[in-house]
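Understanding the architecture of this molecule
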2 protein chains.
Amino acid sequence: MSLPERQPFSPDFFFRQLFDGESSTYSYLLADLKNGQAVIIDPVLEQAKRDAQLVKDLGFELKYAINTHMHADHITGSGWLRKLTGCQSVIAAASGAKADRHLNEGDRIDFGTHVIDALATPGHTNGCMTYVIKDQGCVFTGDTLLIRGCGRTDFQEGCPRNLYENVHSKIFTLPENFRIYPAHDYKGQMESSVWEEKRYNPRLTKDIEEFVKIMENLNLPYPKKIDASLPANRECGVYDIPKE
Amino acid sequence: MSLPERQPFSPDFFFRQLFDGESSTYSYLLADLKNGQAVIIDPVLEQAKRDAQLVKDLGFELKYAINTHMHADHITGSGWLRKLTGCQSVIAAASGAKADRHLNEGDRIDFGTHVIDALATPGHTNGCMTYVIKDQGCVFTGDTLLIRGCGRTDFQEGCPRNLYENVHSKIFTLPENFRIYPAHDYKGQMESSVWEEKRYNPRLTKDIEEFVKIMENLNLPYPKKIDASLPANRECGVYDIPKE
Ligand SMILES: [Fe+2]
Ligand SMILES: [Fe+2]
């Protein structure tokens, strides 16, 4: 079977992927072009001014800064963007992090006529959420599912079995042409699709026992920034922020 | 006036942006999903194996590896992809570089039912081309127009007046919702639009005399890799390539 046809973004849907080179994090600015309401997924502290400027240039009103989870490798920009733009910060209730709005499985976030469905996909962390926009055929997977990879499961209450089951039951069951937008990539890949990851993800195409074995034997170093990132992200990133 | 509505990609159009972190270069894999014919714009030598693997994973047949110009900052992947996939290499005749196919103003390149129009936009170099896909509302500007910037004009027969006039007559006259995809970005920006650059490009919104003054006073360092890149790119990147 070959790659399925695209489900195009609708004319009133604005999509812009952004990158933080230091942490290799992708952020996503989305908006309703009819009324200008916007959200940003996984903003990074050091890029908050860039992102706020872009929101302003485009004439948008930033409604929410949404995190897929409590990141261990960088400080979220959601608290800083909140100060710069007046947006509300959002994260899973299960993350244990402070925010204006806490999400649970099945909650919906809207901006203009667009709707994001929040799916609880714990595994990389307890509070990992995957965000789906059905009408636009796209899914934001955070670190739950990366392009040809997945987030590590050896800290922050990580659990390889949970991750595997959630990817298979909640992401791989989406239509195959849904575009996948992860929180990170380290090889210059920016986007994937359900079709691709179901076929080519070197970890998640294995059976669950083999997957668990792979994840338990990664022997990754302790994350460099975790000791600074977690306390800051627990406070929505507004903890010891740069003065300027 | 606010940001215009999106012109969506059509369901049979495949688009994938890729990044080379070392040189901050964007490459673009495009394909016709009906017959699998694909092209890649501005591939990078060090990423040729990644790109060839992706082409294979997606079941595409790579028809052309196309350069926007003879790059000074990295070695093109077009020669190496040619060996890996059997594609043809393409560049402007005015570049003076070797290739299977040389383009002149107004030439067209097709893959499946999709058509790329080649516009000569010298200024950054003599052989700079801008590639437009009208039906998909997108334009690949190389280093002629960058996001909130433009390529330097102080070597490789660069000419700020030419660059300015070509951007204004050939790119800024496109519909305002056309998406702009450049060859580089150094700030994590991945995409822009004609609407945005006409309003917010800090150089190209100036009048021509001020633009020339800006470009003549950038005082940029001599590009690190130019002495290796130009001889290699003159031979389509297959000059002194890594043995493996
Ligand atoms: Fe993470
Ligand atoms: Fe260049």
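Placed above this text is the structure.
These figures come from a predicted structure and were not determined experimentally. Numbers given for residues are sequential positions, taken from 1 along each chain in its written order. Ligands are numbered from 1 and chains lettered from A, in the order in which they are written. Local features are withheld for residues below a pLDDT of 70 in this predicted model, meaning they are given only at 70 or higher, and side-chain atom pairs are given and counted only at 80 or more; totals for whole chains, interfaces and linings count all residues. Hydrogens and water molecules were not included; the side-chain quantities draw on all heavy atoms of the structure.

Residues and elements named next belong to chain B. With distances of 2.1 to 2.3 Å, the protein atoms coordinating the iron ion (ligand 2) are His69 (NE2), His124 (NE2) and Asp143 (OD). Going along the chain, you hit the donors of the iron ion (ligand 2) in the pattern H-x54-H-x18-D. Taken together, the positions of His69 in the loop between β4 (61-66) and α2 (78-85) and His124 in the loop between β8 (114-120) and β9 (129-133) put the pair 55 residues apart, joining distant regions of the chain. Take His69 and His124: they sit in the same class, and that class is buried. Here the coordinating atoms are restricted to nitrogen, oxygen and sulfur within 2.8 Å of the metal centre, or 3.2 Å for Na, K and Ca, and because water is not among them the sites may look incomplete. A run of H or I in DSSP becomes a helix once it reaches four residues, and a run of E becomes a strand once it reaches two; helices and strands are each numbered from the N terminus. Remark: exposure states derive from per-residue accessible area (1.4 Å probe, protein chains only) relative to the maximum for the residue type, with buried under 20%, exposed over 50%, and partly exposed in between.

Okay, the packing of helix α1 (residues 48-57) of chain A against helix α2 (residues 78-85) of chain A next. Residues and elements named next belong to chain A. At their nearest, the axes of α1 and α2 sit 9 Å apart, and the two run at 40° to each other. As judged from the angle between their axes, α1 and α2 are oblique. Considering only the axes of α1 and α2, their crossing is right-handed. Listed contacts from α2 to Ala48, Lys49, Asp51 and Ala52 of α1 are Trp80, Leu81, Leu84 and Thr85. Each axis is a line fitted through C-alpha atoms, and for a helix only the stretch in contact is used; angles between axes span 0 to 180 degrees, taken between their N-to-C directions. In this scheme, roughly parallel covers angles under 35 degrees and roughly antiparallel covers those over 145, while 65 to 115 is roughly perpendicular and the rest are oblique. When the near helix sits turned anticlockwise from the far one by under a right angle, the crossing is termed left-handed; a clockwise turn instead gives a right-handed crossing. Should any heavy atoms of two residues lie within 4.5 Å, those residues are considered in contact.

The next point concerns the sheet that holds strand β4 (residues 61-66) of chain A. Hydrogen bonds between backbone atoms are what pair the strands of a sheet, whose relative direction is either parallel or antiparallel. Residues and elements named next belong to chain A. Spatial ordering of the open sheet is given by β1-β2-β3-β4-β5-β6, a layout of six strands whose pairing is mixed. Of all strands in the sheet, those with a lone pairing partner are β1 (13-20) and β6 (101-103), marking the two edges. Taking each pair of neighbouring strands and ignoring which way they run, the sheet shows an average axis angle of 20°. Pairing between strands requires that DSSP locate at least two bridges from one strand to the other. Relative to β6, strand β5 (residues 88-92) is paired through three bridges, and the arrangement is parallel. By the bridge assignment for β6, Ile91 is matched with His102.

With 36 residues of chain A in contact, the opposing surface of chain B contributes 36 residues. Around 2,900 Å² of area is buried between chain A and chain B when both sides are counted, 54% of it from carbon and sulfur atoms. We define a salt bridge as a contact between a side-chain nitrogen of Lys or Arg and a carboxyl oxygen of Asp or Glu at a distance within 4 Å. In this assembly, chain A and chain B are joined by four salt bridges. For A:Glu196, the salt bridge goes to B:Arg16, with nearest N and O atoms at 2.8 Å. For the side of chain A that touches chain B, the element with the most residues is β1(A), which contributes seven residues. Three classes are used, and their members are as follows: Ala, Val, Leu, Ile, Met, Phe, Trp, Tyr, Cys and Pro are nonpolar, Asp, Glu, Lys and Arg are charged, and the others, Gly among them, are polar. Residue composition of the side of chain A that touches chain B, by class: 18 nonpolar, seven polar and 11 charged. Accessible surface is computed with a 1.4 Å probe, and the buried area is the amount of it that two parts give up when combined, taken over both parts together.

Time to look at the coordination of the iron ion (ligand 1). Taken together, A:His69 (NE2), A:His124 (NE2) and A:Asp143 (OD) make up the protein donors of the iron ion (ligand 1), found 2.1 to 2.3 Å from the metal. Donor residues for the iron ion (ligand 1) sit on one chain with the sequence pattern H-x54-H-x18-D.

This part takes up the relation of the copies chain A and chain B. Our superposition of the copies is a least-squares fit, built on the C-alpha atoms of residues whose pLDDT is at least 70 in both. For the pair chain A and chain B, the relating rotation is 180°, the translation along its axis is 0.0 Å, and the fit reaches an RMSD of 0.0 Å. This pairing of chains is accounted for by a two-fold axis. Considering only C-alpha atoms, the residue of chain A closest to the rotation axis is A:Pro8, which sits at 3.0 Å. Most of the interface of chain A is mirrored in chain B, where 100% of its interface residues again form contacts.

Bringing unusual backbone geometry into the picture now. Within the chain, A:Ser24 stands out as a residue other than glycine whose phi angle is a positive 55°. For A:Ser24, the location among the structural elements is in the loop between β1 and β2 (25-32).

All names here are of chain A. Listed in full, the buried residues belonging to helix α5 (residues 208-216) are Ile208, Phe211, Val212 and Met215. Along α5, the residues classed as buried sweep out an arc of 100° about the axis, all on the same side. Among the structural elements, α3 (160-171) are those in contact with the buried residues of α5. N-cap assignment for α5: the residue whose side-chain oxygen lies 3.1 Å from the backbone N of Glu209 is Asp207. Comment: arc refers to directions from the helix axis out to C-beta atoms. Polar contact is the term for a pair of N or O atoms within 3.5 Å; when the atoms are in protein, one must be able to donate a hydrogen and the other to accept it, and sequence-neighboring residues count only if both atoms are side-chain atoms.

Think of a 1 Å grid over just the protein atoms. A cavity is a set of points where a 1.4 Å probe fits yet cannot get out, a pocket is an open set with protein on both sides within 12 Å along at least five of seven lines, and lining residues have an atom within 4 Å of a point. Grid points are joined across faces, edges and corners, and a volume is the space filled by probe spheres set on the points. According to the stated counting rule, one finds four cavities of 30 Å³ or more in the structure shown. Around the largest cavity sit 18 residues that line it, and A:Phe15, A:Glu191, B:Phe15, B:Tyr181 and B:Glu191 are the ones nearest its centre. Residue assignment for the lining of the largest cavity shows that the elements contributing at least two residues are β1 and β11 (179-182) of chain A together with β1 (13-20) and β11 (179-182) of chain B.

In short, the description is geometric, and any link to function would need to be established separately.
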